[in-house]
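So you can see what is in the structure, the chains are spelled out below.
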Amino acid sequence: MSDFSPAPGLRPWQRTAAGAGLLAADGSIAATIFAEMSALAQRTGAINLGQGFPDEDGPAEVLDAARQAIADGVNQYPPGIGAPVLREAIAAHQARWYGLDVDAASEVLVTAGATEALAATILAHVDTGDEVVTFEPSYDGYAALIARAGGVHRTVPLHWPPEQHRPDWRVDLAELDAAVTDRTRLILVNSPHNPTGAVLGDDVLERIVELAVRHDALIVTDEVYEHLTFGVAHRPIAAIPGARERTISISSGGKTFATTGWKIGWLTAPAHLVTSVLAVKQYLTYVNGAPFQPAIATGLGLPDTVFKDAAASLRAKRDVLTAGLEAAGFTVSLPDAGYFIVADAAPLGYDDGAVLCRELPDRAGVVGVPVSAFVHADRQHAYRSLVRFAFCKRRDVLGEASSRLARLGSR
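What counts and how
- Residues numbered from 1 in each chain as written.
- Predicted model: local features only at pLDDT ≥ 70, side-chain atom pairs only at ≥ 80, totals over all residues.
- Heavy atoms only, no water.
- Helix = DSSP H or I, 4+ residues; strand = E, 2+ residues; numbered from the N terminus.
- Rg over C-alpha atoms; globule rule 2.2 N^0.38 Å.
- Buried < 20%, exposed > 50% of the residue type's maximum accessible area, 1.4 Å probe, protein only.
- Areas by Shrake-Rupley, 256 points an atom, 1.4 Å probe, with all protein chains shown as cover.
- Lys, Arg positive; Asp, Glu negative; His and termini not counted.
- Charge placed at Lys NZ, Arg CZ, Asp CG, Glu CD.
- Expected span 1.5 Å × (residues − 1).
- Arc of directions from axis to C-beta.
- Contact = heavy atoms within 4.5 Å.
- Phe/Tyr/Trp six-rings, centres within 6.5 Å; stacked < 30°, edge-to-face > 60°.
- Lys NZ or Arg CZ within 6 Å of the ring centre and 35° of its normal.
- Polar contact = N/O pair within 3.5 Å; in protein donor to acceptor, adjacent residues only side chain to side chain.
- Core = buried A, V, L, I, M, F, W, Y, C linked by side-chain atoms within 4.5 Å.
- Axes fitted to C-alpha atoms, helices over the stretch in contact; angles between N-to-C directions.
- Parallel < 35°, antiparallel > 145°, perpendicular 65-115°, else oblique.
- Left-handed = near helix turned anticlockwise from the far one by under 90°.
- Pairing = 2+ DSSP bridges.
- Salt bridge = Lys/Arg side-chain N within 4 Å of Asp/Glu carboxyl O.

Once that is clear, we can look at the overall build of the protein. Within the protein, the regular secondary structure consists of 13 helices and 15 strands. Computed over its C-alpha atoms, the radius of gyration of the protein comes to 21 Å, within 12% of the 22 Å expected for a compact globule of 411 residues. Principal-axis analysis of the C-alpha atoms places the extent of the protein at approximately 60 × 50 × 40 Å. For the protein, the proportion of its 411 residues judged to be buried stands at 56%. Accessible area of the protein: about 16,200 Å², with a carbon and sulfur share of 51%. In the protein, the 35 positive side-chain charges and the 47 negative ones have mean positions that sit 4 Å from each other.

Encoded structure:
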């Protein structure tokens, strides 16, 4: 378990940057590893498996609905809480998939992607000195948002047991127990998880609810990969007894429908929690994506087979890249969900994934991102040799990337 407080003596923007690990020695904003790797891909012509967005369009029904909405004049500000058609579709989605009874009028808020939902939620509920617990590695935006709110970021590590042939990620419940205290304001849960692809088990989810009740903390979930699981069902925390009244559930349409550029996200929560988030959200984007909101509503209403086929297609792509990485000599953690594979470069003689990632574009014509970029500095040693690769690309692209990665065997 670790905790991270904003550095004293800095301006607010510097505290935010420092908390996110983005502050250079001279006080300026340092380039992130993601920007660096993307620039390397562009300079070298390497296949960019560092960024998590698809290179194929989503369902035609969803795209056609957006075109139709534009043609129908749905191009001005929608209601601040979100277009009624989308709020109703989100409520119906929660009932259809999880048996959750959500009031579309008061318990749903549409946001500019899941990122804005997270930002508004954290800014609404975290004051200076409040503690926020997350699992680590974690999406890099969490640290920045917690720091911006003046919070203290406490983390619980996900462990990768090296003795397993197919490594899995585990939570030590004793470490989780120690991280959550009466000072905890939010427990932020990302499952299915980025970057590991882990789906947290019932034992972990139920312990989170138990701890939140015991310490009167709110639970915030990031469930953007909820439909992209591979043989392991997603269970939302809000469906666990005792959780509903203290949980803000966040998701989006970008990953499910391959429309990441539309930035249509949402949250569901009890009405008073929605109101508190809306108080902040209205001064961020106010509203967004008018014609895309009815299009995502169309997507949420598509038949079950569309969701299952999307997951099956992604699973097949995962398997293509897994085979390529293993043939190149990596040890691979087979993800249960999401867009990403974590691979250990240590068997290739690299104990530093960041060094390998900087060499990969020239050595193999492929770009990845070191997992250390998702970890606070004092714990990076535990993840030092790990690299994240995105498999949400066309199969021919993944096949070519696999062929290129085979060159590493000649190192």
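This part covers helix 8 (residues 202–215). The terminal C-alpha atoms of helix 8, which comprises 14 residues, lie 20 Å apart, in line with the 20 Å expected from a rise of 1.5 Å per residue. Where helix 8 is concerned, the buried positions are Val204, Leu205, Ile208, Val209, Leu211, Ala212 and His215. Burial along helix 8 is one-sided: seen end-on, the buried residues are contained in an arc of 165°. Buried-residue contacts for helix 8 involve strand 4 (131–136), strand 6 (170–171), helix 7 (173–179), strand 7 (184–190) and strand 8 (218–222). With its phi angle positive at about 55°, aspartate 216 sits one or two positions after the end of helix 8.

This part takes up the packing of aromatic side chains. Taken as a whole and judged by the stated rule, the model has 11 aromatic pairs. Taking the centre distance of 5.8 Å and the plane angle of 80° together, the rings of phenylalanine 330 and phenylalanine 389 count as edge-to-face. Linking phenylalanine 330 in the loop between helix 11 (304–328) and strand 11 (331–333) with phenylalanine 389 in strand 15 (residues 386–390), this pair joins segments that are 59 residues apart in sequence. Phenylalanine 389 sits in the buried class, given a relative accessible area of 0%. Joined through ring pairs, the aromatic side chains of Trp97, Phe257 and Phe307 make up one cluster. Taking NZ or CZ as reference, arginine 388 lies 3.6 Å from the ring centre of phenylalanine 340, over its face.

Glancing now at the side chain of threonine 155. With respect to the helices and strands, threonine 155 occurs in strand 5 (residues 152–159). Judged by relative accessible area, threonine 155 falls into the buried class, the value being 0%. Of the polar contacts made by the side chain of threonine 155, one reaches the side chain of glutamate 136; its length is 3.0 Å. In this structure the side chain of threonine 155 is engaged in a polar contact, spanning 2.8 Å, whose partner is the side chain of arginine 379.

Bringing the nonpolar core into the picture now. The nonpolar side chains of a soluble globular protein tend to be buried, and buried together. Core analysis: the biggest nonpolar cluster contains 68 residues, and Leu267, Leu321, Leu325, Phe330, Phe389 and Leu405 have the highest contact counts within it. For this core, the leading source of residues is helix 5 (residues 113–125), giving 6 residues. Excluding its chain neighbours within four sequence positions, the residues that come into contact with leucine 321 are Leu49, Ile341, Phe389, Ala390, Phe391, Leu398, Ser402 and Leu405. Phe135, Val204, Ile208 and Ile237 belong to the second largest nonpolar core, which has 30 residues in total.

A few words now on the packing of helix 2 (residues 33–44) against helix 12 (residues 353–363). At a minimum axis separation of 9 Å, helix 2 and helix 12 run at an interaxial angle of 10°. Classed by the angle they form, the pair helix 2 and helix 12 counts as roughly parallel. Relative to helix 12, the crossing made by helix 2 is right-handed. Residue-level contacts link Ile33, Glu36, Met37, Leu40, Arg43 and Thr44 of helix 2 to Cys357, Arg358, Pro361 and Asp362 of helix 12.

All right, on to helix 9 (residues 271–281) then. Leu273, Val274, Val277, Val280 and Lys281 are the residues of helix 9 that are buried. Projected down its long axis, helix 9 carries its buried residues within an arc of 120°, all on one side. Residues His272 and Thr275 are exposed on helix 9 and point more than 90 degrees away from its buried face. Among the structural elements, strand 3 (108–112), helix 5, strand 8, strand 9 (247–252) and strand 10 (264–268) are those in contact with the buried residues of helix 9.

Turning our attention to the pairing of strand 3. The buried fraction of strand 3 amounts to 5 of the 5 residues, a majority that puts the element mostly inside the structure. Of the strand pairs in this sheet, strand 3 and strand 10 are connected by 5 bridges, and their pairing is antiparallel. Counterpart to leucine 109 in the pairing with strand 10 is leucine 267.

Here the focus is the sheet that holds strand 12 (residues 340–344). Spatially, 4 strands are ordered 11-12-15-14 in an open sheet, and the strand pairing comes out antiparallel. Looking at strand neighbours, the two that pair on one side only are strand 11 and strand 14 (369–370), the edges of this open sheet. With 3 bridges connecting them, strand 11 and strand 12 associate as antiparallel partners. Bridging from a neighbouring strand, serine 333 pairs with valine 342 of strand 12.

Right, let's talk about the pattern of salt bridges for a bit. Under the definition given, this model contains 20 salt bridges. Where arginine 183 meets glutamate 131, a salt bridge forms, and the shortest distance between an N and an O atom there is 3.0 Å. You can see arginine 183 sitting in the loop between helix 7 and strand 7 and its partner glutamate 131 sitting in strand 4, a full 52 residues away along the chain. For arginine 214, the salt bridge identified is with glutamate 210, shortest N-O distance 2.6 Å. Note that arginine 214 and glutamate 210 are positioned in helix 8 at a spacing of 4 residues, about one turn of the helix. In this structure glutamate 210 comes out as partly exposed when scored by relative accessible area, which is 41%. Each of Asp177, Arg207, Glu210 and Arg214 takes part in salt bridges that share partners, so that together they form one network.

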